[in-house]
Amino acid sequence: MQGDPDVLDCRGLSPALTVMRIKQAVSAGPDGDGPLEVILGDGCNQKRISGALAGAAERVRYLGTVPWWQRADLGYRAGRLHLGGTDLAELAGQVGTPAYVLRADRVRDNLDRVAAALTEAGIDHRVHYAVKANRTPALLAYLRTTGRCGVDVCSTGEVAHVLACGFPAESISFTGTSLSARDIEVLARYPRMRVNLDSVASLDALGRACPGRAVGLRINPGVGVGYQDDDRLSYSGAVTTKFGIYAEHVAEAAEVAARRGLLVTRLHLHVGCGYLDAQLDQFDRALAAAAEFLPRFPDVTEVNLGGGLGVPHTATDQPLDLRRWAGVVARHFGGRGLTVAVEPGDYLVKDAGVLLTTVTYVERRRDVLFAGLDAGFNLAMEPAFYGLPCEPAAVAPRWDEGTDTYTMVGNINEALDVWATGRRMPKLRAGDPVALLNSGGYAASMSSDHCLRGQAASVLLIDEPVSVPGRPPTATGG
């Protein structure tokens, strides 16, 4: 390939011809030389190609095979990246960059998968979408139209926001922290809203404002779970946190509830963020600890497990097995006559969205090749704040020009503003569009105008008619 003689481009070749060409390249190269980098065509399966290469497979490193993140609605068609039926290069030219792009149909499908897993496990359940993950009004209006879920909010500002997007008070689950007198005053206006109190102080305050009300109590089981076991993403691990009532303080909470005439009908917990299959054993232990709170509150009819279900960020991350996850839930709370509520955010929206950006410059400094983007960490803070890996993808790659290894940086004047390091990608030029994947959750909702660079477009893609349970489908533009 031009500019990169160590990369073997096999796109357009049949599997048999691909194997033949790789074997020829390996045999022509000196023994013990570095790896032969290969780009496979669309019809070639990496595992099968390696099997046909036998011992020669040890010399091969694949670059352009199907990316680990590619799926039916996200991948390359005719050489350009598509999300659903949308050509992202074309969209970038239309709306400009940076731009958040979210595919509503993927959100709906993710939601349906969660509900189906709980149904299959025999669990009476309720799903509330965690609004803090992405509060785009168009998305919330779409979810309200589908009728598939309620919403989870954590502030009175979010209460007003979801009400304005069409959600009735009875579909809202509220779990806030460090509640002010003003917060309590607002919550008291909505007797049908599911309110979960996370401290003895807030329990007492709502009890004074609404004696006799049915409420939820947020508990802390003392066992946390987070992506790759990162303590920064654990809400109830070994370190004492501000979230929820610990077992040592349950008696005090029960006494306050009784004194104020409050009926605790719901227990709520949220043990961490972004957990995957590798963390399910720890999740199992967290639920076992949470189940021990039930005997203390005999009027409980619902257990709310919060959110935290994650999506893969790297090729080595094993996706969350929803069937196994639901089995863990059923083992601890099934067969008790309880409703189980869940509040997924990341799982529903993160992999449904990308942040479209444009390369501003490509420049080598010492031994590092930098590619600058017109979007900084203020538009998607998790990679910088929590170390969650970011996956940049070329939107309109020119494979015939070869590949190179880049450090991707943004336009914020901070050292933290690094999207990814050591990423092998098709050669980039200033003006090329690049998509930052997994930007559907905790990107737009956490954005700031730091350095006055907070402006970004927002696009909701709707590929299919909206289906409302019990009603015929209605066409929706997107």
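The preceding data block contains the structure.
Colleague: Is there a simple way to think about the packing of helix H10 (residues 280-291) against helix H11 (residues 322-333) in this case?
Modeller: Between H10 and H11, the shortest axis-to-axis distance is 9 Å and the interhelical angle comes to 20°. Taken together, the axes of H10 and H11 are roughly parallel relative to one another. Remark: the crossing between H10 and H11 carries right-handed chirality. In this structure, H10 uses Leu280, Asp281, Phe283, Asp284, Leu287, Ala288, Ala290 and Ala291 to contact H11, whose residues at the interface are Arg324, Trp325, Val328, Val329, Arg331, His332 and Phe333.

Colleague: In this structure, what is going on with the sheet that holds strand E11 (residues 194-197)? I would like to understand it.
Modeller: The strands making up a sheet are joined through hydrogen bonds of the backbone, oriented either antiparallel or parallel. Strand order in the closed barrel made by the eight strands is E8-E9-E10-E11-E12-E13-E14-E15, with parallel pairing throughout. Neighbour-to-neighbour, the strand axes of this sheet turn through a mean angle of 30°, independent of strand direction.

Colleague: What is the right way to look at the packing of helix H8 (residues 200-209) against helix H9 (residues 250-259) in this model?
Modeller: For any two helices packed against each other, one specifies the inter-axial angle together with the distance between the axes. Here H8 crosses H9 at 5°, and the two axes come no closer than 9 Å. Accordingly, the angle class assigned to the pair H8 and H9 is roughly parallel. Each of Val200, Leu203 and Asp204 in H8 lies in contact with H9, whose residues at this interface are Glu252, Ala253, Val256, Ala257 and Arg259. Broken down by class, the residue content of the contact of H8 with H9 amounts to five nonpolar, no polar and three charged.

Colleague: Would you mind going over unusual backbone geometry with me for this structure?
Modeller: Note that the residue after Thr97, namely Pro98, is joined by a cis bond; omega there is 0°. Locating Pro98 in the fold gives a position in the loop between helix H3 (88-95) and strand E7 (99-103). Notably, Ser178 is not glycine yet its phi reads approximately 50°, a positive angle. For Ser178, a relative accessible area of 61% translates into the label exposed. One non-glycine residue with positive phi stands out, namely Tyr442, at about 55°. Mapped onto the elements, Tyr442 comes out in the loop between strand E21 (433-436) and strand E22 (457-461).

Colleague: Just to check I follow, could you spell out the side chain of Lys350 for this structure?
Modeller: Looking at the element boundaries, Lys350 is found in the loop between helix H12 (346-349) and strand E16 (353-365). Apart from the residues within four sequence positions on either side, Lys350 is in contact with Val311, His313, Gly345, Glu382, Leu388, Asn438, Ser439, Gly440 and Gly441.

Colleague: Hey, could you run me through helix H4 (residues 104-120) in this one?
Modeller: An α-helix turns once every 3.6 residues. As a result, residues three or four positions apart point the same way. For H4, spanning 17 residues, the distance from its first C-alpha to its last is 24 Å, which sits close to the expected 24 Å at 1.5 Å a residue. Positive backbone phi, at 75°, marks Gly122, one or two positions downstream of H4.

Colleague: Can you help me understand the packing of aromatic side chains in this one?
Modeller: The geometry of two aromatic rings is summed up by the distance between their centres and the angle between their planes. Across all of its chains, the model carries two aromatic pairs by this definition. Taking 4.9 Å as the distance between ring centres and 25° as the angle between the ring planes, the aromatic pair formed by Tyr275 and Phe283 counts as stacked. Neither residue differs from the other here; Tyr275 and Phe283 are each classed as buried. Note that Arg365 overlies the ring of Phe370, its terminal NZ or CZ placed 5.6 Å from the centroid.

What counts as what
Here the residue numbers are simple positions, counted from 1 along each chain's written sequence. Two thresholds apply to this predicted model, a pLDDT of at least 70 for residue-level local features and 80 or more for giving and counting side-chain atom pairs, whereas whole-chain, interface and lining totals are computed over all residues. In computing side-chain properties, one takes all heavy atoms of the structure into account and sets aside hydrogens as well as water. Axes here mean lines fitted to C-alpha atoms, for a helix over just the part in contact, with angles spanning 0 to 180 degrees between N-to-C directions. Secondary structure follows DSSP: runs of H or I at least 4 residues long count as helices, runs of E at least 2 residues long count as strands, and numbering of each begins at the N terminus. Roughly parallel refers to an angle under 35 degrees, roughly antiparallel to one over 145, roughly perpendicular to one between 65 and 115, and oblique to any angle outside these ranges. Helix crossings get a hand from a simple test, with the near helix turned counterclockwise from the far one by less than a right angle marking a left-handed crossing and a clockwise turn marking a right-handed one. Two residues qualify as a contact provided that any one of their heavy atoms is within 4.5 Å of a heavy atom in the partner residue. Two strands are said to pair when DSSP picks up at least two bridges between them. Each residue gets one of three labels, nonpolar for Ala, Val, Leu, Ile, Met, Phe, Trp, Tyr, Cys and Pro, charged for Asp, Glu, Lys and Arg, and polar for the others, Gly among them. Categorising residues by exposure relies on relative accessible area from a 1.4 Å probe, with only protein chains included: less than 20% of the type maximum marks a residue as buried, more than 50% marks it as exposed, and the intermediate range marks it as partly exposed. To estimate the expected span of a helix, subtract one from its residue number and multiply by 1.5 Å. Only Phe, Tyr and Trp rings take part, Trp by its six-membered ring, and two of them pair if their centres are within 6.5 Å. Stacked means planes under 30 degrees apart, edge-to-face means over 60, and tilted covers everything else. Both a distance and an angle decide whether a charge sits over a ring: NZ of Lys or CZ of Arg must be within 6 Å of the ring centre and within 35 degrees of the ring normal.

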